[in-house]
Amino acid sequence: MLSASKLPRWLVPPALRVGALLLLGALPAAAQQDPLIKLDPRSRMAIDQMMDTLRQLGLSDARLRSTALQGIRMGVDNGKIVATVSRKFANLKTAFSILGAVGDNELDAAAAVLEAGAKPSQLGAFKTRQKGRTDLDAFTVWADLINRGVPSEETSTAISKLWQEGADEATFRRLWNDVQADISQGQNPGAALQARIREAPGRPAQKPPTTPEGEVENQRSR
Amino acid sequence: MTDSELHPYVELIAREARRPVVSDPAARARVMAAVRAEPIPTRLPVWLRAFQPRAISLSPAVGGLLAAGLVGIGVAVGSFALDRGGHLAGQATVAERPPVSPKVSDTVFVIVAPQAAKVSLVGDFNDWDASKLPLVRVPNSGLWKVAVPLPAGRHLYQFVVDGNWVADPGAPVAGDNGFGRPNSVRIVRTGSAL
């Protein structure tokens, strides 16, 4: 029979120290592994459920995780983090239901367009695409211009028209450069877009279906 | 009460009990011979005795600390076995398949902040951790820059200038991130970025 009272006295303090050190050492290691542990259990559970749902749909949960992490790093309260992640979650699901199985990057960009204020139906023009063509730039410029004050309807019409005409990535980038430069010089955002959209050359819709070097369509990068 | 008043059966028992006992002189020799005939029990080696069942009792304090230690070991092992996304290390979900051909290229981030004492880059590529990617001031200018190897794709980021989160004035914004400040967008390809 081994009892504590029969343990050698010299053995008790080291045993206590080892137990305490193991416990105290393991907890920070776990926290370092997963920064989301800083959320309260209820918020963490809500976000985990949304991430699980995305995974069940075959989608990446990286954007939701990143949004929650950003909120934690910025010191935002847990309720606001959950609300923001919920909105992102809803927009990702909506974009997925419209666009179907596109890459995570494009889905993120499409969700950002919805967040900026575009209507889900306006994403419909991007449902069909040619092989090797990416709509990342179109979505990025679209969301940015709405955020800079260009009316949502005008932006949606202009971007959809350019896309359907076969505009390439460089065209969208040039459009963004020109419009944001005009806006920063004091022009009315809507007028700036209308002026520049007339100059933007479209491309024939029957573009050869080749994948250019560096194409990122359908890439699951995270 | 006298003996004569006892019941005959009791008297019989008492008489038997009073009879002197005569032991067999050879009995002691027989008992000792039987003991010597028994095999002598051998002492088990230490390693075998460790597997013999025995009861152990501990005080609540020592028992609690040992249990805490075991829990600590479990948490440590679990945290190493699981990756940051909560999945077993090396186990990719359908949505987290590695890219077919990850193209990583150095992407340069620049911001003009002449009065700043410290500038860093935060984004979805570094878990928004301001301590991971500090920008370096270009000598004799208000320019700060850093080159970051990024895979092709769409990346959200901001600069942290002296503790304040700011969007990149030279990049498109992704809109309100819900936290009051818009994120900037960088689309990385091989050799070019929006």
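Please refer to the structure placed before this passage.
Here the structure is a predicted model, which is why all the values come from computation and not from measurement.

J.: Please clarify how the overall build of chain B should be interpreted in this entry.
T.: In terms of regular secondary structure, chain B is built from four helices and eight strands. Going from the N terminus to the C terminus, chain B shows its helices and strands as α-α-α-α-β-β-β-β-β-β-β-β. Going through the 194 residues of chain B one by one, you find that 31% of them count as buried. The long-range fraction of contacts in chain B, counting pairs at least 24 apart against all pairs at least 6 apart in sequence, stands at 58%. Put simply, chain B shows about 12,400 Å² of open surface, and 65% of that area lies on carbon and sulfur atoms.

J.: Explanation requested: the overall build of chain A in the structure shown.
T.: Within chain A one finds nine helices and zero strands. For chain A, the N- to C-terminal ordering of α and β elements is α-α-α-α-α-α-α-α-α. For chain A, the proportion of its 222 residues judged to be buried stands at 50%. Summarising the internal contacts of chain A: among those between residues at least 6 apart in sequence, 70% fall at separations of at least 24.

J.: Is there a simple way to explain the side chain of Ser156 of chain A in this structure?
T.: If you trace the backbone, Ser156 of chain A turns up in helix α7 (residues 152-164). Excluding residues within four positions of it along the chain, Ser156 of chain A makes contact with Ala118, Gln122 and Trp142 of chain A.

J.: Explanation requested: the packing of α7 of chain A against helix α9 (residues 189-199) of chain A in the structure shown.
T.: Each pair of packed helices can be summarised by the angle the axes make with each other and by the distance between the axes. All names here are of chain A. Put simply, α7 and α9 touch, their axes get as near as 10 Å, and they point 15° apart. Relative to α9, the element α7 lies roughly parallel. As for the relative orientation of α7 and α9, their crossing is left-handed in sense. Contacts from Glu154, Thr155, Ala158 and Leu162 of α7 reach α9 at Gly190, Leu193, Gln194 and Ile197. Partitioning the contact of α7 with α9 into residue classes produces four nonpolar, three polar and one charged.

J.: Is there a simple way to explain the pattern of salt bridges in this structure?
T.: Scanning the model with the defined rule gives 18 salt bridges over all chains in all. Of the charged contacts in the structure, one is a salt bridge between Asp61 of chain A and Arg55 of chain A, with a shortest N-O distance of 2.2 Å. In this pair, the class of Asp61 of chain A matches that of Arg55 of chain A, namely buried. A single network of salt bridges, built from pairs that share partners, joins Asp137, Glu169 and Arg173 of chain A together with Arg189 of chain B.

J.: Sorry if this is basic, but what is going on with the pairing of strand β8 (residues 182-188) of chain B here?
T.: Side-chain positions along a regular strand alternate between the two faces of the sheet. Residue and element names in this part refer to chain B. Counting buried residues in β8 gives six out of seven residues, a clear majority hidden from the surface. Summarising the sheet, strand β5 (residues 153-161) and β8 pair through five bridges and their orientation is antiparallel. Pairing of Gly153 across the sheet is with Val188, part of β8. Both strand β7 (residues 173-176) and β8 contribute to a ladder of two bridges, which runs antiparallel. In the sheet register, Val173 faces β8, and the bridge partner there is Ser184. Between β7 and β8, which pair antiparallel in sequence order, lie five residues; one of them, Gly178, sits at a positive phi of approximately 90°.

J.: Can you walk me through the packing of aromatic side chains in this structure?
T.: Here the distance between the centres and the angle between the planes together describe a pair of aromatic rings. All names here are of chain A. If you walk through the whole model with that rule in mind, you get eight aromatic pairs over all chains. Here Phe126 and Phe139 contribute two aromatic rings whose centre-to-centre distance is 4.8 Å and whose plane-to-plane angle is 50°, an arrangement assigned as tilted. Of this pair, Phe126 sits in the loop between α5 (104-116) and α6 (136-147) while Phe139 sits in helix α6, and the two are 13 residues apart along the sequence. A residue is classified by how much of its surface remains accessible, and Phe126, at 0% relative accessible area, is buried.

J.: What's the story with the pairing of strand β4 (residues 143-151) of chain B in this structure? I'm lost.
T.: Residues and elements named next belong to chain B. Because side chains alternate across β4, one face comprises the buried residues Trp144, Val146, Val148 and Leu150, and the other comprises Leu143, Lys145, Ala147, Pro149 and Pro151, none of which is buried. Where strand β3 (residues 136-137) meets β4, two bridges bridge the pair, whose relative direction is antiparallel. Its bridge partner lying in β4, Val136 is registered against Lys145. Counted between consecutive antiparallel strands, the loop separating β3 from β4 contains five residues, among which Asn140 sits at a positive phi close to 55°.

J.: Would you explain the environment of Gly19 of chain A in this entry?
T.: Following the sequence through the fold, Gly19 of chain A ends up in helix α1 (residues 12-33). Here Gly19 of chain A falls in the buried class, since its relative accessible area comes to 6%. Aside from chain neighbours lying at most four places away, what touches Gly19 of chain A is Leu65 and Gly69 of chain B.

J.: What is the right way to read the nonpolar core from this model?
T.: Looking at soluble globular proteins, one finds that nonpolar side chains tend to be buried together. Core analysis: the biggest nonpolar cluster contains 63 residues, and Ile47, Ile81, Leu123, Phe139 and Trp142 of chain A have the highest contact counts within it. Excluding residues that lie within four positions of it along the chain, Ile81 of chain A makes contacts with Leu39, Ile47, Ala68, Gly71, Ile72 and Val76 of chain A together with Phe179 of chain B. Counting residues in each nonpolar core, the second largest holds 17 residues, with Leu133, Trp144, Val146 and Ala171 of chain B among its members.

Parameters and conventions
- Residues numbered from 1 in each chain as written.
- Chains lettered and ligands numbered in written order.
- Predicted model: local features only at pLDDT ≥ 70, side-chain atom pairs only at ≥ 80, totals over all residues.
- Heavy atoms only, no water.
- Helix = DSSP H or I, 4+ residues; strand = E, 2+ residues; numbered from the N terminus.
- Buried < 20%, exposed > 50% of the residue type's maximum accessible area, 1.4 Å probe, protein only.
- Contact = heavy atoms within 4.5 Å.
- Areas by Shrake-Rupley, 256 points an atom, 1.4 Å probe, with all protein chains shown as cover.
- Axes fitted to C-alpha atoms, helices over the stretch in contact; angles between N-to-C directions.
- Parallel < 35°, antiparallel > 145°, perpendicular 65-115°, else oblique.
- Left-handed = near helix turned anticlockwise from the far one by under 90°.
- Nonpolar A, V, L, I, M, F, W, Y, C, P; charged D, E, K, R; others polar.
- Salt bridge = Lys/Arg side-chain N within 4 Å of Asp/Glu carboxyl O.
- Pairing = 2+ DSSP bridges.
- Phe/Tyr/Trp six-rings, centres within 6.5 Å; stacked < 30°, edge-to-face > 60°.
- Core = buried A, V, L, I, M, F, W, Y, C linked by side-chain atoms within 4.5 Å.

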